[in-house]
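The lines below spell out each chain.
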Amino acid sequence: MKSFKLVNNLVGWGVFLLSLVVYYLTLEPSVSFWDCGEFIAASYKLQIGHPPGAPFFQLIQRVVSLFAPNTNKVALFMNAFSGTVSAATILFLYWTIVRLAERMLSESTKNNQLLMMTAGVVGSLTFAFSDSFWFSAVEAEVYAFSSLFTAMVFWAILKWEQVAFEKQANRWIVLIAYLIGLSIGVHLLNLLAIPAIGLIWYFKKYQPTAKGIIATLVISAITIAFIMYGLVQGTPTMAQNFEILFVNSFGLPYNSGMLFFILLLVGALIGLSIYAHKKSKPLLNLVAISVLVIYIGFGSYAMLMVRSNANPPMDENSPENAYTLMKYLNRSQYGDTPIFTGYYYNAPALGMEEGAPVYYPKDGKYIKSKGTPSYSFDPRFKTIFPRMYSSSDNHVNGYKMWGNIKGRPVNVNGKTDYIPTFSENIRYFISYQINHMYIRYFMWNFAGRQNDQQGHGNVLDGNWLTGIGFIDAMRLGYSGDQPSSMSNPETTNRYYMLPFLLGLVGLFFQLKRNKNDFWVVMLLFLMTGLAIVVYLNQSPYQPRERDYAYVGSFYAFAIWIGLGVMGVAQFLNKYLKNKALIPTVVLTALIPLLVLSENYDDHDRSNRYIARDLGRDYLRSCAKNAILFTYGDNDTFPLWYVQDVENERPDVRICNVTLLNGDWYIDQMKNKVYESDPLPILMEKEKYENDVRNTLFVRDDLNYPVELSTLMKIALSDSPKAKLKTQGGGSYNYFPTHQFKITVDKEQVLKTGTVAPEKAALIEDSIVIRFEGNYLTKSDLAILDLLSNNNWERPIYFDLSVVYTSSLKLDQYLQHEGFAYRLVPIKSATPDPSIDVDILYNRLMTRYEWGNLGDPDIFLDENTYRTVEVVQIKNNFYKLSTALLNQGDKIRAKEVVDKLYEILPLGRFHCTYFDIVMAGNYYQLNELEKGDRLMETVANEGFEKVEFYLSLGGDYVGQFQREANRDINIIREVVRVTTNSNRTALSEKLETRLNDVIQNFGNL
């Protein structure tokens, strides 16, 4: 027994080391896209990231960062931490599988011991190299660390089960409680292991009955609810009540009430434990100590308040006191998602209801204010278990598609509307939320993956795949193979359903051998899978794939994959006369090797610096002391990282227009940060705090442009004369026109370098801009206040996402200077931004870095292709080369075109319309062979796609008619440009082939 324990531990550590080596070899060496930039920047300087925060994760990552030799390696070390904890997760999974396998065997022979260890190796390594888990293992995100907590608490309850009736057995329960408390400071997913832990406790302590199992599950559900709503959200609420009492009634300083509440709470729990000990109530004592250590673990959130009061550059929601901490933990800025009851997406609004009162600190007190009002809706549209609730047009279209909505007619204000039926609600739940957003991800990991294109329901993108021809053909209508011009072949992974089938063998084998353990694993599987589906209640057209949310469920299934080894051995023993050990080891060991070989190429992020370099390029697009407005995660978080960690361009102020809707963010923009002075937002706090001026209506009372400073006085006035009366008796601030102007001080513009002296004659007397839509947000108001006060002192830039989405139509007064567009008092001759050729040339050709985009050995996933915005890069080079050609500067124009295809080599990136116009520029430069090669590449890619659509047959051609038409039109444009450029032989060859393709389409 001792020798088995030693060998088992050594094999476990071997699994750990193998996983660790693979993760370290495939780490991203710098920041990744999405939340990683924010997490790294927040951890490095202990700042406050997005709600509900991950303070324990940040504290550990801050310690990790201290070992980095320089700031350029901070991201690598934090990514390596994810790799390390992921390998540790595999270690605990190995030990868990071996323990569960051991409980299914009647005797511990040497062969059985080898089988148990083989089961542990196969199950744990299959999970280690699985698609979703590996993705999180090589970047600085919370999901790897969260998975470790799940693995540890599940392993710990099995250790408790081994010694449950020994004197000190409950120390394992206390450890589990402490780990759960710590995990709250990483991610709440760990809480979903509690029901499985509860079942193990119950099965060990009691003789199982149906009532007992139900009672255990109910208690487990209550425990989760207590931690989520009572501890995480309820504790700050109670602290807030004490805080208001102590500050407003007793006149004590801020945080005194919260401090008293914390001392009272800890004292009460300690007192309860002492009482239980004296009265010999062990269960009560265990509960009191467990709750206490959960609170100790949860205490990592104190870091948020401490650091928020230090006012770091990133201080999201500013959780400085009990009130703001409560809003932070409740994720108030994201709104509520209905779970048990709610309204369908098309419920008519009947009126406004006043929100619950809120408090905010001011002048040493907490001031009571009206809460955010909410709509009341037609009760006929209310339903239980609402799955289709969002009124966003995009989401509604998705509901109708996935739910096949017909509805039942009702009369609404004299018109017929249609309420979705409950069966349609369930149809959407099953078809989209379960099948598309869970089962699809599950099969990615255990059957195979079609490609990494984000899937929205069509048969070409993001589906699961097996590699078994007839199965894929039945599901998709074709084999699943696509031309390389449509998807990245590296991301097509075929496991032939072997991990899935082995998992099913393990599932049924455990059900047969040990029903209690089966239900424990099944509960873990369901709680971390389908229960999350219900809780998240996701709407269609998510901005990215969400498979990372269900890794806990995949972890549970990996247990069955391991136990499947035992089932295979039992089956083979019937035919091999108890000599199945070696065949079983050989056959099952091939599965993790298959998954590793299929997944390695598309999970290898080594030498990829794209997100970091793109962040640098955005900042390098700006003049000194600039203000740069950004919009989304991927055009903000990499910038935060390179500025906060690598100290890139500390003079530039990054301002996210989405966050600017929060009063706390406006406050922060009014502070000095690094080398950036406060933004010139001069409106006083009471003009925008809390829900004041969240929305301002825009009317057409005046049909001419009004000076912006005058409009701001109207919008910020508290006079009844400056407000719009409503039928309900309320009043709102508004803008009386859709047009505003800013008078230009030409001397100031030239003095600050906004416009070069040689362009002085182009400066407008005033710039005239219009509002789009019938209302403006608080973010728009803050930007307008800045524009009215800046007086061209500081350069103002907008990234392309802001230009596209903003209600302020600034396009004709923007100057294209790279990845950012500068506001200038010169009106473009076209509806698009103008170009400063020299500035753009200098940045594109000499100042920007491109993150190894052109290196064929660097893997680029779909997210990178999409986020890098290849079209935007090509657009930049096209506009610059065209402008240079128009100036007669053919030397620099040729350099620009050649540089583009050095950065984005032909064949590595999918072609776009811009490649056609760049080929046209080659023709103008008399680079005929280069132009022909580029045109043929574009045309051949188009033909490849269209011929693929044709190969699907008539049923599918109709589904992809729009895509086919787009590609046909691109080929037509190639023919047109080659014809006009006198490339007759090429144009005739392409036109002949195009006519054949069109005829084939007509035949279908």
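Preceding this paragraph is the structure being described.
About the criteria used
Residues numbered from 1 in each chain as written. Predicted model: local features only at pLDDT ≥ 70, side-chain atom pairs only at ≥ 80, totals over all residues. Heavy atoms only, no water. Patch = residues over 30% accessible without salt bridge, like charges linked within 9 Å, V, L, I, M, F, W, Y side chains within 5 Å. Areas by Shrake-Rupley, 256 points an atom, 1.4 Å probe, with all protein chains shown as cover. Salt bridge = Lys/Arg side-chain N within 4 Å of Asp/Glu carboxyl O. Helix = DSSP H or I, 4+ residues; strand = E, 2+ residues; numbered from the N terminus. Buried < 20%, exposed > 50% of the residue type's maximum accessible area, 1.4 Å probe, protein only. Pairing = 2+ DSSP bridges. Polar contact = N/O pair within 3.5 Å; in protein donor to acceptor, adjacent residues only side chain to side chain. Contact = heavy atoms within 4.5 Å. 1 Å grid on protein atoms, 1.4 Å probe; cavity = no way out; pocket = protein on both sides within 12 Å on 5 of 7 lines; lining within 4 Å. Points joined across faces, edges and corners; volume = space filled by probe spheres on them. Nonpolar A, V, L, I, M, F, W, Y, C, P; charged D, E, K, R; others polar. Phe/Tyr/Trp six-rings, centres within 6.5 Å; stacked < 30°, edge-to-face > 60°. Axes fitted to C-alpha atoms, helices over the stretch in contact; angles between N-to-C directions. Parallel < 35°, antiparallel > 145°, perpendicular 65-115°, else oblique. Left-handed = near helix turned anticlockwise from the far one by under 90°.

A. Spotlight on a nonpolar patch on the surface. Nonpolar side chains collect at one region of the surface, where Ile262, Val266, Ile270 and Ile274 lie side by side and expose about 310 Å² of accessible area between them. When you line up the elements, Ile274 lands in helix H11 (residues 256-278). Accessibility expressed as a relative area gives 45% for Ile274, which makes it partly exposed.

B. Structural context of the sheet that holds strand S21 (residues 820-823). Taken together, the 6 strands give an open sheet; going across it, the order is S10-S9-S18-S21-S20-S22, and neighbouring strands pair in mixed fashion. Each of the sheet's edge strands pairs with one partner strand only, and the pair in question is strand S10 (653-656) and strand S22 (834-835). Bridge analysis of strand S20 (residues 814-816) against S22 gives 2 bridges, and the strand direction is parallel. Bridge pairing links Gln815 to Ser834 in S22.

C. Structural context of the side chain of Ser881. By the element assignment, Ser881 lies in helix H32 (residues 870-886). Judged by relative accessible area, which is 0%, Ser881 ranks as buried. Polar side-chain contacts of Ser881 include one of 2.8 Å to the side chain of Asn921. In this structure, Ser881 is in contact with Ala893, Val896, Val897, Met918 and Asn921, ignoring residues within four places of it in sequence.

D. Looking closely at the layout of surface pockets. Space inside the second largest pocket adds up to approximately 1600 Å³. What lines the second largest pocket is a set of 43 residues, among which Gln453, Val871, His910, Lys945 and Arg966 lie closest to the centre. Within the residue set of the lining of the second largest pocket, elements represented by two or more residues are helix H29 (800-805), helix H31 (862-868), H32, helix H34 (913-924), helix H35 (928-951) and helix H37 (961-980). For the lining of the second largest pocket, the per-class residue count stands at 18 nonpolar, 12 polar and 13 charged.

E. Molecular detail of unusual backbone geometry. In the segment running from Pro51 into Pro52, the intervening peptide bond is cis, with an omega of 0 degrees. By the element assignment, Pro52 lies in the loop between helix H2 (36-44) and helix H3 (55-65). With a phi close to 50 degrees, Leu46 is a non-glycine residue in the positive phi region. Within the fold, Leu46 resides in the loop between H2 and H3. Classification of Leu46 by relative accessible area gives buried; the value is 18%. Residue Asn404 is not a glycine yet carries a positive backbone phi of 50 degrees. Within the secondary structure layout, Asn404 lies in the loop between helix H15 (393-403) and strand S5 (408-412).

F. Fine view of the sheet that holds strand S19 (residues 808-809). Overall, mixed pairing links the 4 strands, which are arranged S12-S15-S16-S19 in an open sheet. Bordering the open sheet on either side are strand S12 (706-707) and S19, each of which pairs with just one other strand. Two strands pair when backbone bridges link them, and S12 and strand S15 (residues 739-743) are joined in this way by 2 bridges, in the parallel orientation. Each residue of the ladder has a partner; that of Val706, found in S15, is Phe740.

G. Inspection of the packing of aromatic side chains at higher detail. Under the definition given, this model contains 69 aromatic pairs. Aromatic side chains Tyr428 and Tyr432 sit 5.4 Å apart centroid to centroid with 15 degrees between the ring planes, which places their arrangement in the stacked category. Of this pair, Tyr428 and Tyr432 both sit in helix H16 (residues 422-446), 4 residues apart, roughly one helical turn. As far as the burial class goes, Tyr428 and Tyr432 line up, both buried.

H. Region of the structure containing the pattern of salt bridges. If you walk through the whole model with that rule in mind, you get 41 salt bridges. Where Arg620 meets Glu648, a salt bridge forms, and the shortest distance between an N and an O atom there is 2.9 Å. Taken as a pair, Arg620 in helix H23 (residues 610-620) and Glu648 in the loop between helix H24 (637-644) and S10 lie far apart in primary sequence, 28 residues in all. Each member of the pair, Arg620 as well as Glu648, is classed as buried. Asp838 is the partner of Arg892 in a salt bridge, and the nearest nitrogen-oxygen pair spans 3.3 Å. In this pair, Arg892 is assigned in helix H33 (residues 890-903) and Asp838 in helix H30 (residues 837-847), connecting sequence segments 54 residues apart. One salt-bridge network, in which partners are shared between bridges, spans Arg612, Asp613, Arg616, Arg620, Glu646, Glu648 and Glu849.

I. Region of interest: the pairing of strand S3 (residues 365-377). Direction of pairing for strand S2 (residues 349-362) relative to S3: antiparallel, over a ladder of 10 bridges. Looking at S3, one finds that Tyr360 is bridged to Ile367. With antiparallel pairing between neighbouring strands as the criterion, S2 and S3 make up a hairpin whose turn holds 2 residues, including Asp363 at a positive phi of roughly 55 degrees.

J. Structural detail: empty space enclosed by the protein. Applying the stated criterion across every chain, the model contains 8 cavities of 30 Å³ or more. When its volume is computed, the largest cavity comes out at roughly 420 Å³. Looking at the largest cavity, it is lined by 25 residues, and the ones nearest its centre are Phe135, Arg449, Asp547, Asp861 and Asn863. Looking at the lining of the largest cavity, the elements that each hand over two or more residues are helix H6 (131-137), helix H22 (581-603) and H31. Grouping the constituent residues of the lining of the largest cavity by class yields 7 nonpolar, 6 polar and 12 charged. One number sums up the size of the second largest cavity: a volume of about 120 Å³. Of all the secondary-structure elements, those providing two or more residues to the lining of the second largest cavity are helix H7 (142-162) and helix H21 (551-576). Broken down by element, the residue count for the lining of the second largest cavity peaks at 4 residues, all from H7. Here the lining of the second largest cavity is built from residues that sort into 8 nonpolar, 5 polar and no charged.

K. View of the environment of Thr737. Position of Thr737 relative to the elements: it lies in the loop between strand S14 (731-735) and S15. The class of Thr737 is buried, set by a relative accessible area of 0%. In the structure, Thr737 is positioned 287 residues away from Gln450 in sequence and 52 Å away in space, judged by C-alpha atoms. Polar side-chain contacts of Thr737 include one of 3.2 Å to the backbone oxygen of Tyr704.

L. Expanded view of the packing of helix H26 (residues 708-716) against helix H28 (residues 778-790). With their axes 9 Å apart at the nearest point, H26 and H28 run at an angle of 140 degrees to one another. Here H26 lies oblique to H28, going by the angle between them. The handedness of the crossing between H26 and H28 is left-handed. For the pair H26 and H28, contact is made by Leu708, Ser709, Met712, Ala715 and Leu716 and by Leu781, Leu784, Asp785, Leu787 and Ser788, respectively. Grouping the amino acids of the contact of H26 with H28 by side-chain chemistry returns 7 nonpolar, 2 polar and 1 charged.

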